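Inside the fold
Residues per chain, in single letters:
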Amino acid sequence: MNIENFTGKAEAYSIGRPGYPKSAIEYICSLVPQDAVLADIGAGTGKFTVTLAERGYSVYAVEPNADMRRQLAITLAPLYKCKYYGGYR
């Protein structure tokens, strides 16, 4: 797996990538209990992570790309129900 594909592109990705359809999020949330603790693996800039946290879930976000992870940290800074981690090599 090449974790450098998004190096230098994280800010543009964060701005330009659309969110997830509401119906998809509602379906995913219907599959797990409200008190579930979730993991967003390959979290990118955190769009999905934030969406889950806004619905009350505790979320662990893992992102291996350093640039994406920096943007993820910015995105998640105001959210107390999210923790983020670096990736693997």
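Criteria and cut-off values
- Residues numbered from 1 in each chain as written.
- Predicted model: local features only at pLDDT ≥ 70, side-chain atom pairs only at ≥ 80, totals over all residues.
- Heavy atoms only, no water.
- Buried < 20%, exposed > 50% of the residue type's maximum accessible area, 1.4 Å probe, protein only.
- Helix = DSSP H or I, 4+ residues; strand = E, 2+ residues; numbered from the N terminus.
- pLDDT = per-residue confidence, 0-100.
- Pairing = 2+ DSSP bridges.

It is worth spelling out helix α3 (residues 47–54) at this point. Three or four residues apart is the spacing at which side chains of an α-helix point the same way, because the helix has 3.6 residues per turn. Most of α3 is tucked away: six of the eight residues are buried. Residues of α3 that are buried include every one of F48, T49, V50, T51, L52 and A53, and no others. Just past α3, the residue G56 takes up positive phi, approximately 95°.

This brings us to the confidence of the model for the protein. Of the residues in the protein, 85% have a pLDDT of 70 or more, and the chain-wide mean is 85. For the protein, strand β3 (residues 82–85) is the element with the lowest average pLDDT, namely 65, and helix α2 (residues 22–30) is the one with the highest, namely 95.

Before going further, it helps to spend a moment on the pairing of strand β2 (residues 58–62). Inspection of the sheet shows strand β1 (residues 37–41) paired to β2 by five bridges, in the parallel sense. Each residue of the ladder has a partner; that of A39, found in β2, is Y60.

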